[in-house]
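Overview (structure and organization)
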Amino acid sequence: MAFDPDATGVIPRLPRLDGSDSPASGSSAEVTDGDDEEEPGTLPALRLPATLHIGSPPKPEGTKDTATKASKDSKGSKDAAPEPAADGAAAGTVPTKVAAPKVTAPKPAIPEATAPKAPVPEAAASEVAPEVAAPKPDVPEAAAPKAPGPKVTASEVAAPKGTASKAPVARLSVEAPPESPAPAKAPVQPATDPPAKTAVNAPAKTPAKTPAEAPAKATGLGGRVGQLVRSAPTWLPALLTVEGLVMYILALRVAPGPLRGVNPADINGLGLIAALPASAFAAILIMLVSFFVTVAQSTDRKFLLLFQIAVITFALHGAGSLVASEPRFPTAYIHAGFVDFIGRTGETAINIDARMGWPGYFALFAFVTKAAGITDMTTILQWTPLLTNLLYLLPFVLILRQVVATTRARWFAALLFVLVQWIGQDYFSPQGFTFALYLAFVAILLRWFGRVEPRTKPIAPKGLRKLLGRLDAMTPGEIANTGTFRADRLLMLMMLLALFFAATASHQITPFMMLGVLTAFLIFKRTKLTWALPFFLGLAVLAWISYETVGFWAGQINAIFGGLGRILTNLQTNTGDRIAGSDPAHALVLQARLGILAVILLLAAVGLLRRLRRGVFDRAALILLCVPVLALGLQSYGGEIGLRIYMFALPGACLLAAYAFFPNLPADSADVREETVPIRKRNVRFNPELTRKLSVVLAACFAVLFAGAFLVARYGNEKFERVTTGEVAAMHYIYAHDKPSAKVLYLTAKEGPEVTPTLPWGEKDIELVNFNGQALVYKDPTQIAKAVATLKASPRNTYLAVSTGQISYLQLNEGFPEDWGARFRAALDASPDVKKVFSNSDAALYTWKKFVKGTEIPDPQPYKGRGDPTSPWTPVGLAALALTWASMFGYEVIRLNGPNRAVRARRVLLWVSIPAFAVAVAVIIERFIYIASKN
């Protein structure tokens, strides 16, 4: 068989007749890595062939046609061993020629010393003789011992080495079926004679085994213990996982003591990891070890692996919820306030907060909480981070199903996705919700609209085109589904649009990530959708910004577009500026975050190179990794665009990083066999068993390191991100005294629009309480003049809030002294101009003391919604939008039937959509210019 590395980049392997993908003996010289999988039998849930045809299932094994074909193939094999003169039952030999379905008469006895023996596989030679359907002589057990061993199949006996099979072949056992006994043509031979040769498919009846012949059952305590030990691989991983889970919960929830319990007072600049007991680390280690014990097994135990990953997710992402007395992360409370406002008023308030211009997420929860009668969202805020991360696993696992990778690579990628997702955007927020929509969007693109087509064009002889041609000719790293029905594709197209519209109405960045991935898939020919869809979706994003968020951008054009193209500035804002000026211990947290980023990108690069050397080009994974980086050219997004880029790049990065350890293709792939080798072969060969073990061990070591780094990176800010009961009580005091209005000043070392309060702010009455006030403070706690002057200049009913979260933030990020909080509160207590109206160990509230009597209550400031400005051409733009969307959607629906269906109708729709699209975009530009000039 000729091999053209320029066409495929891989060396194809041929299957064995029995359907297994393991190589024949003597082929270990072909192996370069040890993550190959020898898993005969059914395919695991996460391993699909390169092309899956839905609706046309293959014939079940064991049918008449399959068995007949197997028998004919075995007859015509030239590599079958010669027929022996006789088969000795006592000697344990086995016939190696598969005959027609008939029973032959036994031949005369031949002395054992002179009878030729056919070569028999060592593992099967000891059991075949007892399985032959011939009458057994009455011989004592000692004279004819029966050694246990695996059954020999017809494929192992008669299949020539390297024989290819295009269809599944039934595994044919030497043992004949018990039905339809064949008439014997000769009397039973004595004990010294060999049994008659029986064809593999002969309908001979097997006599019942005597108790002496049956395998001896384990008797006594020692036998049962031995059986339990031998079956340990089946039950030990599950037991270890449950044990680690229970151990972890007890370690974090019981009262603090030796090797157990968490004392919040122990949290320092390193975060929560400084307060975790040793038993918690031991529990996490047990969970990881149990996961890799399961992965190292030769079977795909998908339900156990999914349970283990869910448990690890609970341990890592649920630690904050287990330890905290109140929902952590202060920003979650303002999002709860948005939900409360929409539920009470039924409208949004973009002039109060710009995030209300994308109210889809808040409106969804307002509807749910009102319908369910939920008035207190504390429990929802408490457990949203854990539930969100568990939700991420579902679409990500579906993405992993669509890549050509081994079982170990897929599951290790899923584990990496849990271990390196330290960003913390999974709290109660639109970002965390729309990231799940983004993963589902990508999964639908790959699963229902994936495209994998071999290259048919010739490769250029030289230059860059030759390199690109060789990459294009490589084996694709994705699986295409070609057998879906049109109704299924139409339903998934509607789901795709629904996910995009939900993300567009809920978050500012996520729809651009979706649009970028879809466009890249079209450029690199990884989707069957047409170019009409990205224009359709892009127009939807522009229309939402132009018509629904006008109250946000009308007076902030420079703030929105000022960061375009400033890649280096945005990168510096998201990296170096976050480390400068930090507490030495807390600087390790920020460095750990950058370290995780560097390591995961390095592993992704190694995985990509190892796959390329095996002739596999993972375009989809590379797109998922690279497209989010383009967002650096947009704006700094309040100094957090780098965090968003890292989050959206994680699916592709984790998949490529898993290939650094397990780069080979699966054994059951439809286009290649057990594994592939690089085009440039190496002279050094390693034992595949050794490399298989080393790959698993190295992956486990990196997983342990990532787990430890995760605890530092994710919970390194716990000293100021955790919310105490005293801080919540202080905010509730403000809500009780905010009639008709109130204002809150929070502490900051530098004034600016990108500084947010480190308070559980805005949970109630967001239209009555203004949290935009900033009180400038200094490292010298006695310098309170600036803060007092700001309080004096503010409206009546203004509160200066001092809390442990704000103090901790100033200490860790601005270098304030350790005792700054206590001394600052003492200075305010001693000031004759302010008075303390609320105080506990975690927070204190101060107001201005010298108001004229009777003027302590501020004037009413009723909330008034700001009307949306418009432009003269707005009605024309709306009509053009509707016409564009209708024509483009119709074009895409007709295209689902195939590229050659209804060509004329599609051409008409295309000619209608192009001018309508141009008019709609022109009106959007006109609105930006006209409204911005008026404001």
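Our subject is the structure that appears above.
Presented here is an overview of the structure given in this document.

What follows concerns the packing of aromatic side chains. To describe a pair of aromatic rings, you give the distance between the ring centres and the angle between the ring planes. Enumeration according to the criterion identifies 32 aromatic pairs in this entry. Between the aromatic rings of phenylalanine 291 and phenylalanine 292, the centroid separation amounts to 5.2 Å while the plane-to-plane angle is 90°, which identifies the pairing as edge-to-face. Grouping residues by exposure puts phenylalanine 291 and phenylalanine 292 together as buried. Three or more aromatic residues link up through ring pairs in this structure, and these residues are Phe291, Phe292, Phe412, Phe661, Phe662, Phe702 and Phe706. One Lys or Arg, arginine 447, reaches over the ring of tryptophan 448 and ends 5.0 Å from the middle of that ring. Positioned above the aromatic ring of tyrosine 659, the side-chain terminus of arginine 611 is 3.9 Å from the ring centre.

Ordered in space as 6-5-7-9-8, the five strands form an open sheet in which the pairing is mixed. This sheet does not close on itself; its edge strands, each paired only once, are strand 6 (769–776) and strand 8 (834–839). The average undirected angle you get between the axes of adjacent strands in this sheet is 30°. Both strand 7 (residues 798–803) and strand 9 (residues 843–848) contribute to a ladder of four bridges, which runs antiparallel. Across the sheet, the residue bridging to alanine 801 is leucine 845, located in strand 9. In this fold helix 28 (residues 785–793) packs onto strand 5 (742–748), strand 6, strand 7, strand 8 and strand 9, with an angle of close to 60° to the strand it touches most, strand 9. The sheet strands contacting helix 29 (residues 804–814) are strand 5 and strand 7, and the helix crosses strand 7 at an angle near 60°.

The subject of this paragraph is the pattern of salt bridges. This structure, assessed with the given rule, holds 15 salt bridges. Of the charged contacts, one joins glutamate 767 and arginine 344 as a salt bridge, the two residues approaching to 3.0 Å between their closest N and O atoms. Here the residue glutamate 767 occupies a position in the loop between strand 5 and strand 6, and arginine 344 occupies one in helix 9 (residues 331–345), the gap between them amounting to 423 residues. For arginine 344, a relative accessible area of 41% corresponds to the partly exposed category. Measuring nitrogen to oxygen at the nearest pair gives 3.8 Å for the salt bridge that ties arginine 823 to aspartate 819. Members of the salt-bridge network, linked through shared partners, are Arg328, Glu718 and Glu721.

Let us look at the side chain of glutamate 478. Following the sequence through the fold, glutamate 478 ends up in the loop between strand 2 (475–476) and strand 3 (480–481). The exposure class of glutamate 478 is buried, given its relative accessible area of 4%. At a separation of 3.1 Å, a polar atom in the side chain of glutamate 478 contacts the main-chain amide nitrogen of arginine 619.

Looking at chain direction, strand 8 and strand 9 are connected through five bridges and run antiparallel. When the sheet's bridge partners are listed, valine 834 is paired in strand 9 with tryptophan 848. Linking two consecutive strands that pair antiparallel, namely strand 8 and strand 9, is a turn of three residues.

Right, let's get into the side chain of threonine 874. Positionally, threonine 874 belongs in helix 31 (residues 874–895). What makes threonine 874 buried here is its relative accessible area of 8%. A distance of 3.2 Å separates polar atoms of two side chains, one belonging to threonine 874 and the other to threonine 870. Those residues in contact with threonine 874, other than ones at most four positions away along the chain, are Tyr547, Val923 and Arg927.

Rules and cut-offs
- Residues numbered from 1 in each chain as written.
- Predicted model: local features only at pLDDT ≥ 70, side-chain atom pairs only at ≥ 80, totals over all residues.
- Heavy atoms only, no water.
- Phe/Tyr/Trp six-rings, centres within 6.5 Å; stacked < 30°, edge-to-face > 60°.
- Buried < 20%, exposed > 50% of the residue type's maximum accessible area, 1.4 Å probe, protein only.
- Lys NZ or Arg CZ within 6 Å of the ring centre and 35° of its normal.
- Pairing = 2+ DSSP bridges.
- Helix = DSSP H or I, 4+ residues; strand = E, 2+ residues; numbered from the N terminus.
- Axes fitted to C-alpha atoms, helices over the stretch in contact; angles between N-to-C directions.
- Contact = heavy atoms within 4.5 Å.
- Salt bridge = Lys/Arg side-chain N within 4 Å of Asp/Glu carboxyl O.
- Polar contact = N/O pair within 3.5 Å; in protein donor to acceptor, adjacent residues only side chain to side chain.

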